[in-house]
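The lines below spell out each chain.
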Amino acid sequence: MRQECLLSQILFAILIDFVLRACHFRGGIQLSPDRQIHDCNFADNIILMAHCQEDIQHKLNELAAKATHMSLNINVDKTKSLSNAVVTTIAAGIQYEGTDIDEVREFKYLDSTITQDGNYDREVC
């Protein structure tokens, strides 16, 4: 199937959903007493969220293992880590297959700039 084929995009979305559901993530962001969020995803863009470096590293390792099992690869050159302004040390030291993940202060996700300090000034026209 060609990448631009609609069926290809639908099958890829189903595969990514299957991979993420197969992951048993721990340590997400608490939304309510009985609800946590561990990731946000759109197409091949995935954000993993946690309160500590160990949980992020565990999530990345588990995601990589499940993705590899389904013949998907993580592009380490496009993978970035970012901590919020409250806990700025989480992003430091994250690795994938022995390679340090670049720590950034901001990045673009779905045409929005996500910053370390949560500032959205650039998003307002």
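Residues numbered from 1 in each chain as written. Predicted model: local features only at pLDDT ≥ 70, side-chain atom pairs only at ≥ 80, totals over all residues. Heavy atoms only, no water.

Draft legend 1. Fine view of the side chain of Asp55. Within the secondary structure, Asp55 is located in helix 2 (residues 53–69). The contacts of Asp55, once residues within four sequence positions are left out, are Arg26, Gly27 and Ala50. (Helix = DSSP H or I, 4+ residues; strand = E, 2+ residues; numbered from the N terminus. Contact = heavy atoms within 4.5 Å.)

Draft legend 2. Just the layout of surface pockets, in detail. Taken as a whole, the largest pocket spans an internal volume of roughly 1500 Å³. Around the largest pocket sit 42 residues that line it, and Ile46, Ile47, Leu48, Lys80 and Phe107 are the ones nearest its centre. Of all the elements in the fold, those that place two or more residues in the lining of the largest pocket are helix 1 (6–22), strand 4 (45–48), helix 2, strand 5 (80–81), strand 9 (106–109) and strand 10 (112–115). Each residue belonging to the lining of the largest pocket can be placed in one class, and the counts come to 26 nonpolar, 12 polar and four charged. (1 Å grid on protein atoms, 1.4 Å probe; cavity = no way out; pocket = protein on both sides within 12 Å on 5 of 7 lines; lining within 4 Å. Points joined across faces, edges and corners; volume = space filled by probe spheres on them. Nonpolar A, V, L, I, M, F, W, Y, C, P; charged D, E, K, R; others polar.)

Draft legend 3. Broad picture of the pairing of strand 3 (residues 39–42). The pairing of strand 3 with strand 4 spans four bridges and is antiparallel. Note on strand 4: the bridge partner recorded for Asn41 is Ile46. The turn joining strand 3 and strand 4, which pair antiparallel and follow one another in sequence, is formed by two residues; a positive phi near 55 degrees is taken by Ala43. (Pairing = 2+ DSSP bridges.)

Draft legend 4. Spotlight on the pattern of salt bridges. Counted according to the given criterion, the structure contains three salt bridges. Residue Arg21 is joined to Asp17 by a salt bridge in which the shortest nitrogen-to-oxygen separation is 2.8 Å. Within this pair, Arg21 and its partner Asp17 are both found in helix 1, separated by four residues, close to a single helical turn. Here Arg21 falls in the exposed class, since its relative accessible area comes to 65%. (Salt bridge = Lys/Arg side-chain N within 4 Å of Asp/Glu carboxyl O. Buried < 20%, exposed > 50% of the residue type's maximum accessible area, 1.4 Å probe, protein only.)

Interpretation note: all reported values are geometric properties and have no functional meaning in isolation.
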